[in-house]
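# Structure assessment
Residues per chain, in single letters:
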Amino acid sequence: MRRTKGNLLLQFLLSYALVFILPVASILLYYYPNSTQAAKEKEMAWNTHVTEQFTHAMDIFTRYVYDLPHELMRNRDLKMYLAPHDDYHRYIIANEMRKYNATDGFVYNTLLYLKEVDYIFSKTGNMYTVEDFNRRGIGYYYEAWPHGDMFAELNKLSVPEVRGVEDVIIPGNNRARLMTFLLPMPRGGEQSPGVLLIQVLESTIIRMVNSVSDSYNGAFFIFDEQGRPLVSTHQPEYSETLEFEQLVNGLKEEQGGTAIHRLDGKSYIVSHSASNLNGWQYISLLPLTESLQSIRTIQWNSVMIFVLILLVEVLVIYISLQKNVQPIKRLVKMATDVFQHRSLPAMHEVEMIRYTLDQLSSDNTRLDEEVKRSLPIVRESVLFDLVSGHFTTWEEFQTQGCLHGMSPLSKTCVTAAILSFAGDPPDQEELDAAIRQEQQTVESQDTHLFASIYPQEYVYLCNHEEGDPVLDRIGELQQRLNGELGVAPLIGVGQPESAASPSGAHHSYLQALRAAEHLRLRKTPAVLAFADIREPQSGSVSYSAELLQSLEMAIMKNEPLMVRSVLERLIDYMSGEGMPPYRVRSVYANTVSILLSGLQRFRQDDANLLRLTDAVLQHTYTISQMADILRDTAGKLCDIIQETLPTPRSAAPEDILDLLESRAFDPDFSLQFMADHFGMSLSGFSYHFKKAVGHNFKESVDRMRVSRSQQLLRETDDTLVAVAEQVGYTNTSSFIRTFKKIVGITPGQYRDSHK
């Protein structure tokens, strides 16, 4: 008897264990072989994405670099052919280079080398001689590019070249790793007057790689079209091997892709992309072992959990069988006590199941009622998907529409219209009631009237035969709504389109949107068909761009009067009769962006600014509303600017001369410093200075510095470099030119004549 009981217990244990093991084992047998491959394919796809994104980002920035010589050649103030004749035109070129000192996160510095004068002009406004680049800490000293070879190559350069990342000692005797673009002026021209050297920090390119993916831990390499290395984010051991060189040479023949290669005994996911702009090769190598480490850890953990669950299950089944069915009885009783409804009498298991089924039936009936109440909302959503172009065939539309009592459009044409109450909205409850009544009226005419995603806006979709007077129906609808609400909606009507496919409804809806937008801005007539839109040619885009640039400059200079003046000119430009709606929206959006940027500069954590941002970017504003918003926003900004301006100081001639005499020998002394000191704008103070002193600022400072240098040349034996530094010149060549211009001879000749 005991032996029979033991055999029965063993049989039960095996049967229960198999019930658990078989489905789990089937899952594991499928999951384990395929999970690794799936993870590998995912990593390869991600590595391809990262490589293509970085290639695209680099193309955007390098396109600006390659276009810069053309921009400089178009600058009429950069008269490079006059630079060899006098200092004044070199001074003009230096000032013009400052205009290209934009806050560009990619370019570190831009240097313009003019061959005939042997000068290099920086975008910071500094001028260097050729010899300055042979002295550490003065110019840009390339350690791996000898000075003589450097300028010999620049003088004969006729096509663009790129030097890979290398060590450069920059002014101030600091060291940087730079990649340098060498671009003849003009680009690709023969016998060019100069060469543009554009420097990019290695760290900037590495940050771009990291910005594409924070979790990327592979190595990135960039090679030019000849296969020469330009940049690498890492210097792994395999980068110097013959295998890596052969891999790079093999990838040059391909346009791009991702594959697994072995280097130095290890497997790597190698993604390759070629730039269509300059032919550069972008190669990413991601260690395959590291990318699959997480999935293997999950696999081992799942095996351990499976074994642990199996052991616990065997133990529970064994104990339960030993005690017969008493544990199950106790569990059933506990569940009955827990889930027994307190207001009902005690029930056994069958009664409880019957009661539960009755409750489920009641809940199902209540759910059906809620679904019926939500049908109009879902129906409007399906119709809006139709006019939005989400359905490509009528079969797709019928799959959704038949569930809500809709069928494909059966007549030959379809016309869409937009009803907008946004300009003069009626009471919302009255509007909803009127729309519901009109929906019942138009449904019998193969027409749908439903709410748009924008407030106070509705879509009218009519299915009709060719030649039907749809505009007359829409006009009657407008009259009925006007009689019920006292407000006539603005209605933009699209052209009749073919109902052969859902795209006809989408095209007519887009045309209706265009007509409604035109009405919202012009408000005449009340019903406008797309075919009747007449948009005369507007003024050039450059005028609005100049106004926007002037507005941004006025904000940067903290000039509230100029901000208001330029804003009024922009509003006049937007309000012009010949201005198309899309151009109005564009100018409005750009103007708002500049004003909000100005507010952000003063109030970085202001919650009110976030609410203002949300309000001003609504799409349904009229021109009058846009003008009010712009004036209100600009007023807030001008008030803040006015609060930040320093209290004006006395700008009497004696005060100006006192400040001039005390700071004239300071190398950083400038007209902007004096304007800020007296709380005046740069242009206003420049005029005031000349009126008070009799000379312009630069001439006055140069005369004081030269006068002081004459005294030092007569009374001391200091070198010209030391004398120049004592009187405020950081560049000895500039000192010599200024001295000769004022005195008539060089400093050396002056010293010799006064020994």
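Residues numbered from 1 in each chain as written. Predicted model: local features only at pLDDT ≥ 70, side-chain atom pairs only at ≥ 80, totals over all residues. Heavy atoms only, no water.

## A look at the overall build of the protein
Each helix and strand in the protein was counted, giving 24 helices and 18 strands. Counting only residues that meet the buried cut, the protein has 41% of its 755 residues in that class. Taking all contacts inside the protein whose residues are at least 6 apart in sequence as the whole, residues at least 24 apart take part in 62%. A total accessible area of about 42100 Å² is found for the protein, and carbon and sulfur atoms account for 54% of it. (Helix = DSSP H or I, 4+ residues; strand = E, 2+ residues; numbered from the N terminus. Buried < 20%, exposed > 50% of the residue type's maximum accessible area, 1.4 Å probe, protein only. Contact = heavy atoms within 4.5 Å. Areas by Shrake-Rupley, 256 points an atom, 1.4 Å probe, with all protein chains shown as cover.)

## Concerning the sheet that holds strand 8 (residues 219–223)
With antiparallel pairing, five strands are arranged side by side in an open sheet as 9-8-12-11-10. A single partner strand is all that each edge strand has here, and the edge strands are strand 9 (229–232) and strand 10 (256–263). Taken over all neighbouring pairs, the strand axes of this sheet differ in orientation by 20° on average, direction set aside. In the sheet, strand 8 pairs with strand 9 via three bridges, with the strands oriented antiparallel. Across the sheet, the residue bridging to Phe-221 is Ser-232, located in strand 9. (Pairing = 2+ DSSP bridges. Axes fitted to C-alpha atoms, helices over the stretch in contact; angles between N-to-C directions.)

## Looking at the sheet that holds strand 5 (residues 161–170)
Pairing is antiparallel across the open sheet formed by seven strands, whose spatial order is 3-2-1-7-6-5-4. Every interior strand has two partners, whereas the edge strands, strand 3 (127–129) and strand 4 (141–142), have only one. Note that strand 2 (residues 119–122) and strand 3 share three bridges and pair antiparallel. Pairing of Ile-120 across the sheet is with Tyr-128, part of strand 3. Running over the sheet, helix 4 (residues 202–212) touches strand 5, strand 6 (174–185) and strand 7 (194–201) and is turned about 55° from strand 7.

## Digging into the packing of aromatic side chains
Tallied over the entire structure, the rule returns 24 aromatic pairs. Residues Phe-61 and Phe-106 carry aromatic rings whose centres are separated by 5.0 Å and whose planes lie at 20° to one another, so their mutual orientation is stacked. Separated by 45 residues along the polypeptide, Phe-61 in helix 1 (residues 2–74) and Phe-106 in the loop between helix 2 (87–98) and strand 1 (109–114) bring together distant segments of the chain. Exposure remark for Phe-106: the relative accessible area of 1% places this residue in the buried category. (Phe/Tyr/Trp six-rings, centres within 6.5 Å; stacked < 30°, edge-to-face > 60°.)

## Some words on the pairing of strand 16 (residues 490–493)
On strand 16, burial covers both faces: Leu-490 and Gly-492 on one face and Ile-491 and Val-493 on the other are all buried. Note that strand 13 (residues 413–420) and strand 16 share four bridges and pair antiparallel. Within strand 16, the residue paired with Leu-419 across the bridge is Ile-491. As defined by bridge partners, strand 16 adjoins strand 18 (residues 527–529) across three bridges and the pair is classed as parallel. Paired with Val-493 across the two strands is Ala-529, which belongs to strand 18.

## Let's talk about unusual backbone geometry
Backbone geometry at Asp-118 places phi at a positive 55°, although glycine is not the residue there. Look at Asn-173: it is not a glycine, yet its phi comes out positive at around 70°. Locating Asn-173 in the fold gives a position in the loop between strand 5 and strand 6.

## Some details on the nonpolar core
Core analysis: the biggest nonpolar cluster contains 40 residues, and Phe-181 and Trp-280 have the highest contact counts within it. Considering each element in turn, this core owes the most residues, seven residues, to helix 1. (Core = buried A, V, L, I, M, F, W, Y, C linked by side-chain atoms within 4.5 Å.)

## Quick look at the pattern of salt bridges
For the coordinates displayed, the defined rule picks out 14 salt bridges. With a closest N to O distance of 2.5 Å, Arg-175 and Glu-143 form a salt bridge. A residue pair is termed long-range when its members are at least 10 positions apart, and Arg-175 in strand 6 and Glu-143 in the loop between strand 4 and helix 3 (147–155) qualify at 32 residues. Here Arg-663 makes a salt bridge to Asp-666, at a shortest N to O gap of 2.8 Å. A relative accessible area of 22% means that Asp-666 is categorised as partly exposed. In the salt-bridge network here, residues are joined through shared partners; they are Arg-136, Glu-143 and Arg-175. (Salt bridge = Lys/Arg side-chain N within 4 Å of Asp/Glu carboxyl O.)

## Observations regarding the confidence of the model for the protein
Residues with a pLDDT of 70 or more make up 76% of the protein, whose mean pLDDT is 77. Least confident of the elements in the protein is helix 16 (residues 607–616), whose mean pLDDT is 55; most confident is strand 4, at 92. (pLDDT = per-residue confidence, 0-100.)

## Here's the deal with the side chain of Ser-452
Here Ser-452 shows up in the loop between strand 14 (447–451) and strand 15 (457–464). Judged by relative accessible area, Ser-452 falls into the buried class, the value being 11%. Setting aside residues up to four positions removed in sequence, Ser-452 forms contacts with Phe-384, Glu-457, Tyr-458, Val-459 and Tyr-509.

## Side note on the environment of Ala-724
Locating Ala-724 in the fold gives a position in helix 22 (residues 720–726). Exposure remark for Ala-724: the relative accessible area of 0% places this residue in the buried category. Considering only alpha carbons, one finds Ala-724 and Ile-736, 12 residues apart in sequence, at a separation of 8.5 Å. With residues up to four places along the chain from it excluded, the contact list for Ala-724 reads Tyr-729, Thr-732 and Phe-735.

## Things to note about the side chain of Ser-275
Assignment of secondary structure puts Ser-275 in the loop between strand 11 (266–274) and strand 12 (281–287). Judged by relative accessible area, which is 6%, Ser-275 ranks as buried. A distance of 2.6 Å separates the side chain of Ser-275 from the side chain of Asp-59, its partner in a polar contact. Beyond its immediate stretch of four places on either side in the chain, Ser-275 contacts Thr-55, Asp-59, Trp-280 and Tyr-282. (Polar contact = N/O pair within 3.5 Å; in protein donor to acceptor, adjacent residues only side chain to side chain.)

## Thoughts on the packing of helix 15 (residues 581–602) against helix 17 (residues 623–644)
Interhelical geometry of helix 15 versus helix 17 gives an angle of 20° and a closest axis separation of 10 Å. In terms of orientation, helix 15 lies roughly parallel with respect to helix 17. Regarding helix 15 and helix 17, the two cross each other, and that crossing is left-handed. For the pair helix 15 and helix 17, the contacting residues are Val-584, Arg-585, Tyr-588, Thr-591, Val-592, Leu-595, Gly-598, Leu-599 and Phe-602 in the first and Ile-623, Met-626, Ile-629, Leu-630, Thr-633, Ala-634, Lys-636, Leu-637, Ile-640, Ile-641 and Thr-644 in the second. (Parallel < 35°, antiparallel > 145°, perpendicular 65-115°, else oblique. Left-handed = near helix turned anticlockwise from the far one by under 90°.)

## Some points on helix 10 (residues 428–442)
Taking 1.5 Å per residue, 15 residues should reach 21 Å; helix 10 reaches 21 Å between its end C-alpha atoms and fits that length. Taken together, the buried positions of helix 10 are occupied by Leu-431, Ala-434, Ile-435, Glu-438, Gln-439 and Val-442. On an axial view of helix 10, the arc spanned by its buried residues comes to 145°, and they lie on one face. Turned more than 90 degrees from where helix 10 packs its buried face, Glu-429, Arg-436 and Gln-440 sit exposed. (Expected span 1.5 Å × (residues − 1). Arc of directions from axis to C-beta.)

## Notes on the packing of helix 18 (residues 653–663) against helix 20 (residues 682–693)
Direction vectors running N to C along helix 18 and helix 20 enclose 100°, while the axes themselves pass 10 Å from each other. When the axes of helix 18 and helix 20 are compared, the pair comes out roughly perpendicular. Every residue of helix 20 that contacts helix 18 at Pro-653, Ile-656, Leu-657 and Leu-660 is listed here: Phe-685, His-688, Phe-689, Ala-692 and Val-693.

## Looking at the state of the cysteines
Overall, the coordinates contain zero disulfides when judged by the stated rule. Its sulfur unpaired, Cys-462 is 9.9 Å from the next cysteine sulfur, which belongs to Cys-413. Cys-462 sits in the buried class, given a relative accessible area of 1%. (Disulfide = S-S within 2.5 Å.)

## Concerning the environment of Ile-629
One can find Ile-629 in helix 17. Sequence separation of Ile-629 and Val-592 is 37 residues, and the distance between their C-alpha atoms is 8.8 Å.

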